[in-house]
Amino acid sequence: MRKLLHITDIHFGPNHLPDRAAGLAALVSEREPDHVVVSGDLTRRAKPSQFRAARRWLDSLRRPVFAVPGNHDVPMYRFWERLLVPFGAWDKHWGGEREPSIADSELHMVGVNSATNWAIVGGRLGGATRDRCRARFASAAAGAYRVAVIHHNLIRPPGLDDLPYVPSGTDDTLELLAASGVDLVLGGHAHQSFRGRNRHPGRVGRAPTLMLYAGTASSSRGRGAERGQNTCHWIEIGEDGADVGFCRWSDEVRGFVEDSRRHFGRCSAGSFEDE
């Protein structure tokens, strides 16, 4: 079994909540995930000081970290930097790795960079990005559970009329993920947790890919139904699928607690309960 803690939109800088970060650290210490998966927006404004703070905190967890950039990890107001070296600060503090991967006989996890300097809030999944993603999943072991980590939501979040769009290239990406046999997509961006299914059926006999989006884990920028709230996912992956714990910050216990848990069978099983 593989254990993942999925967090997103931690936003070091303004609006970051140190007590939530401490609560996440306590959760990591208690449950010891194999990987802490961060699906983008490590910072608020992509400042070097914010990247340093995020890196210090993630290093302090003493667990392997799997992180991809979000739109807030590209400078917004520093025009020339945004134009010429949009991932300069990210590369300096994360070794130039924007699309990490893990590949073994049990787990095949691929990071996909949807952040771009050509959009402030939105993202982009261009042909070259999709080609890299396709090639990496093509090398997956036959029985490996396949996970894609992408910051931007590929389906529209319910109840957020001010966030109606998805990244350019989304339809082709959804088709690619289905054809590649991806079991699970992890993301964030909306600051509200929700889940859904890829509308592309992919391979014959497979259920549509499950997509899980977490709300902000450690900032005050929750939106919609999660305004003023903080959420994350605890994921246990086994041979028959994934058990997902839906975790939420509790003021009462001053930590993250599991609200509910649900089992999602592997997409290769060919059926699923409607969401």
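Everything that follows concerns the structure shown earlier in this document.
Residues numbered from 1 in each chain as written. Predicted model: local features only at pLDDT ≥ 70, side-chain atom pairs only at ≥ 80, totals over all residues. Heavy atoms only, no water.

This brings us to the pattern of salt bridges. Tallied over the entire structure, the rule returns 16 salt bridges. Arg55 serves as the salt-bridge partner of Asp59, at 3.1 Å between the closest nitrogen and oxygen. With Asp59 and Arg55 both in helix H2 (residues 48-60) and four residues apart, the pair spans about one turn of that helix. With relative accessibility at 46%, the residue Asp59 sits in the partly exposed group. Arg55 gets classed as partly exposed once you look at its relative accessible area, which sits at 28%. A salt bridge links Asp251 to Arg254, with the nearest nitrogen and oxygen atoms 3.2 Å apart. For Asp251, a relative accessible area of 52% gives the class exposed. Arg254 sits in the partly exposed class, given a relative accessible area of 48%. If you follow the salt bridges from partner to partner, you end up with Asp19, Arg20, Asp251 and Arg254 in one network. (Salt bridge = Lys/Arg side-chain N within 4 Å of Asp/Glu carboxyl O. Helix = DSSP H or I, 4+ residues; strand = E, 2+ residues; numbered from the N terminus. Buried < 20%, exposed > 50% of the residue type's maximum accessible area, 1.4 Å probe, protein only.)

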